[in-house]
There are 2 protein chains.
Amino acid sequence: MVETRTLILAAVLASGFARAESTVPFPAEYRTWAVTRTLLIGPESKEFARSGGLHHYYANESALEGFRTGKFPRGAIIVDERLETREVNGVTLEGERHGVAVMMKDPEKYRDSGGWGFDRFAGDNRTDGADAELRGKCFACHTQRKDADFVFSKVRK
Amino acid sequence: MVETRTLILAAVLASGFARAESTVPFPAEYRTWAVTRTLLIGPESKEFARSGGLHHYYANESALEGFRTGKFPRGAIIVDERLETREVNGVTLEGERHGVAVMMKDPEKYRDSGGWGFDRFAGDNRTDGADAELRGKCFACHTQRKDADFVFSKVRK
């Protein structure tokens, strides 16, 4: 009986409660990387429901090389950090972290998605990634930019 | 006569048209540094006329050490980059650079202003600093934070 309950518990955890381990490692150092650009998606935008808030895009050294040369090397990482905002006396301030979306170049590991791994970490968690459906949507959308090595972002001067 | 006119022209240039060489070097690499925080000063703010727009605060490695330890070493540089903004379909985008304000720690060179040099570069220029009056105002305001080594900014996690 004990074993049966343990098995059921394990099955429930695996199916419902446990979340998927990320396919891309959490970019622990990203807050020290260059911010390539920033934008604020406000309530008037049709993107607000899906991705409203303040977005900072970060690039590690290899990704900066990719932006310079047009060819992103293995190890290039781009992060889309999405923050809530709060307004105090007409000043918009950074609030809680909604999550970070990450793309990492590794042509071997991610050969089925243009050489890039796509994942997302909600809130402050650093281990649980997105489900396969959402990861697939990331890639599907980024194929619009296949001619730019699947990268939407640019570096503001 | 020619010499007189030349002298007058030189005097006019020195007094009115020529701008002061900066007292702090332009931080040429700042766009690759960590962004410690970002805020948007909107039209509802009483600061709007003086400093409205999007502000990114950058810190070089030495300044990040200062934020960690509370003691900013010689060579620490903090940059306040102020950008115009433009709105497209409810999304606020980064616009032209209004200017960058810089503070650099050098206890010897800037011993009369708390060990920090203060300066500002308008627009995209990298050579002409602020006049003495404005530099004095920078320092005067930063003395409010004497107990924090004259630094207002903090690092968002």
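Residues numbered from 1 in each chain as written. Chains lettered and ligands numbered in written order. Predicted model: local features only at pLDDT ≥ 70, side-chain atom pairs only at ≥ 80, totals over all residues. Heavy atoms only, no water.

A. Representation of the relation of the copies chain A and chain B. In screw terms, the move from chain A to chain B is a rotation of 180° and a rise of 0.0 Å along the axis, fitting with an RMSD of 0.0 Å. Read as a symmetry element, the transformation amounts to a two-fold axis. Considering only C-alpha atoms, the part of chain A nearest the rotation axis is Ala34(A), at 2.9 Å. (Least-squares fit on C-alpha atoms with pLDDT ≥ 70 in both.)

B. Examining the environment of Leu39(B) more closely. With respect to the helices and strands, Leu39(B) occurs in strand β1 (residues 34-41). By relative accessible area, which is 11% here, Leu39(B) ends up buried. In contact with Leu39(B), not counting residues within four places along its chain, are Val91(A), Thr92(A), Leu93(A), Gly53(B), Leu54(B), His55(B) and Tyr57(B). (Helix = DSSP H or I, 4+ residues; strand = E, 2+ residues; numbered from the N terminus. Buried < 20%, exposed > 50% of the residue type's maximum accessible area, 1.4 Å probe, protein only. Contact = heavy atoms within 4.5 Å.)

C. Region of interest: the side chain of His56(B). For His56(B), the position within the fold is in strand β2 (residues 53-59). At a separation of 2.8 Å, a polar atom in the side chain of His56(B) contacts the side chain of Glu94(B). The residues contacting His56(B), other than those within four sequence positions of it, are Thr38(A), His56(A), Arg156(A), Val35(B), Arg37(B), Thr38(B), Val79(B), Asp80(B), Glu81(B), Leu83(B) and Glu94(B). (Polar contact = N/O pair within 3.5 Å; in protein donor to acceptor, adjacent residues only side chain to side chain.)

D. View of the nonpolar core. By size, the foremost hydrophobic cluster in this structure holds 26 residues, and its most contacted members are Val79(A) and Val79(B). Residue assignment for this core shows that the elements contributing at least two residues are β3 (77-88) and β4 (91-105) of chain A together with β3 (77-88) and β4 (91-105) of chain B. Once residues within four sequence positions are removed from consideration, Val79(A) is found in contact with Pro27(A), Tyr30(A), Trp33(A), His56(A), Tyr57(A), Tyr58(A), Val100(A), Ala101(A) and Val102(A). (Core = buried A, V, L, I, M, F, W, Y, C linked by side-chain atoms within 4.5 Å.)

E. The pairing of strand β1 (residues 34-41) of chain A, seen in detail. Among the eight residues in β1(A), seven count as buried, and that is most of the element. Two elements, β1(A) and strand β2 (residues 53-59) of chain A, share seven bridges in a ladder whose sense is antiparallel. By the bridge assignment for β2(A), Ala34(A) is matched with Ala59(A). Where β1(A) lies against β4(B), three bridges are found, and the strand directions are antiparallel. For Ile41(A), the partnering residue across the bridge sits in β4(B) and is Val91(B). (Pairing = 2+ DSSP bridges.)

F. Representation of unusual backbone geometry. Although it is not a glycine, Asn89(A) adopts a positive phi angle of roughly 50°. Examined against the element boundaries, Asn89(A) turns out to sit in the loop between β3 and β4. For Asn89(A), a relative accessible area of 67% puts it in the exposed group. Of note, Asp149(B) is a non-glycine position whose phi angle comes to about 55°, a positive value. Among the structural elements, Asp149(B) can be located in the segment after α4 (132-142). For Asp149(B), a relative accessible area of 13% gives the class buried.

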